[in-house]
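A structural walkthrough
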Amino acid sequence: MANSKKLREHPMALRLGNRTFKIVLKSLTEKELLGYTDFQTDEVFIDPNQSEESYKNTLLHECMHIGYDLFGLNDDAAIPKINNEYLVLVSTNMLRHLAGLNPQLFSFIFNHE
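Residues numbered from 1 in each chain as written. Predicted model: local features only at pLDDT ≥ 70, side-chain atom pairs only at ≥ 80, totals over all residues. Heavy atoms only, no water.

**Description of the pairing of strand S4 (residues 43–46)**
Judged by which residues are buried, S4 turns out to be covered on both faces: Glu-43 and Phe-45 on one side and Val-44 and Ile-46 on the other are all buried. Note that strand S2 (residues 19–25) and S4 share four bridges and pair parallel. Of the residues in S4, the one forming a bridge with Lys-22 is Glu-43. Judged from the four bridges that link them, strand S3 (residues 35–38) and S4 form a sheet pairing that is antiparallel. Within S4, the residue paired with Tyr-36 across the bridge is Phe-45. Linkage of S3 to S4, two consecutive antiparallel strands, is achieved through a turn of four residues, within which Asp-42 is found at a positive phi near 55°. (Buried < 20%, exposed > 50% of the residue type's maximum accessible area, 1.4 Å probe, protein only. Helix = DSSP H or I, 4+ residues; strand = E, 2+ residues; numbered from the N terminus. Pairing = 2+ DSSP bridges.)

Here it is as structure tokens:
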């Protein structure tokens with residue numbers, strides 16, 4: 001297991017659009033999750049009890065949920081049939097927007113030291 005103190009060496013908030021999501025480190029073993037986003041409270045819960053690579057992947061995974069929510073792709077039942085080009089376009093714009101507003105957080109996620 002990675003040292004959980006090292007895992008906290010990133011901003012504990014994620015900005016996107018007019019919202020700021022607080023990043024909360026919390027054991028999620030009972031829920032059998034590595035992370036989840038609560039859109040009602042604008043909180044991202046990440047279990048710190050995972051390897052560093054898994055932690056970074058989980059953090060990015062939750063960032064993607066937030067980005068897709070902003071771009072209107074948050075409800076599985078409401079998502080229209082989309083093609084690959086549209087999905088790539090939305091994902092590219094979303095990642096650039098997320099990384100531009102949160103450079104320190106994305107530097108942490110993509111740092112492979």
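**Digging into helix H4 (residues 103–110)**
Every buried residue of H4 is listed here: Leu-105, Phe-106, Phe-108 and Ile-109. The buried residues of H4 occupy one face: seen down the axis, they fall within an arc of 155°. (Arc of directions from axis to C-beta.)

**Comments concerning helix H3 (residues 84–101)**
Taking 1.5 Å of rise per residue, the 18 residues of H3 would be expected to cover 26 Å, and the 26 Å separating its terminal C-alpha atoms lies within 8% of that figure. Those residues of H3 that are buried are in contact with strand S1 (13–16), helix H2 (52–70) and H4. Between a side-chain oxygen at the N-terminus of H3 and the backbone nitrogen of Glu-85 the separation is 3.2 Å; the capping residue is Asn-83. (Expected span 1.5 Å × (residues − 1). Contact = heavy atoms within 4.5 Å. Polar contact = N/O pair within 3.5 Å; in protein donor to acceptor, adjacent residues only side chain to side chain.)

**Focus: the confidence of the model for the protein**
Taken residue by residue, the protein gives an average pLDDT of 88. The fraction at 70 or more is 92%. Predicted confidence in the protein is weakest over helix H1 (residues 4–7), with a mean pLDDT of 52, and strongest over S4, with 97. (pLDDT = per-residue confidence, 0-100.)

**Comments concerning unusual backbone geometry**
Its identity as a non-glycine residue notwithstanding, Glu-32 has a phi of 55°, on the positive side. The backbone of Asp-42 sits at a positive phi, close to 55°, despite the residue not being glycine. Assignment of secondary structure puts Asp-42 in the loop between S3 and S4.

**So, the nonpolar core**
Counting 21 residues, the largest nonpolar core has Leu-14, Leu-59, Cys-63, Leu-98, Leu-105 and Ile-109 as its most contacted members. For this core, the elements supplying multiple residues, two or more each, are S1, S2, S4, H2, H3 and H4. Residue contributions to this core peak at seven residues, all from H2. When sequence neighbours within four positions are dropped, the list of residues in contact with Cys-63 reads Leu-14, Leu-98, Leu-105, Phe-106 and Ile-109. (Core = buried A, V, L, I, M, F, W, Y, C linked by side-chain atoms within 4.5 Å.)

**Focus on the side chain of Asp-47**
Within the element layout of this structure, Asp-47 appears in the loop between S4 and H2. Judged by its relative accessible area of 4%, Asp-47 falls in the buried class. Here Leu-28 takes part through its backbone nitrogen, which lies 2.8 Å from a polar atom of the side chain of Asp-47. Discounting chain neighbours no more than four positions away, the residues touching Asp-47 are Lys-26, Ser-27, Leu-28, Thr-29, Leu-33, Leu-34 and Tyr-55.

**Things to note about the environment of Leu-14**
You can see Leu-14 is positioned in strand S1. In this structure, the C-alpha to C-alpha distance between Leu-14 and Asn-102, residues 88 residues apart in sequence, is 6.5 Å. The residues touching Leu-14, leaving out its near neighbours within four places in the chain, are Arg-19, Thr-20, Phe-21, Cys-63, Ile-66, Leu-98, Asn-102, Leu-105 and Phe-106.

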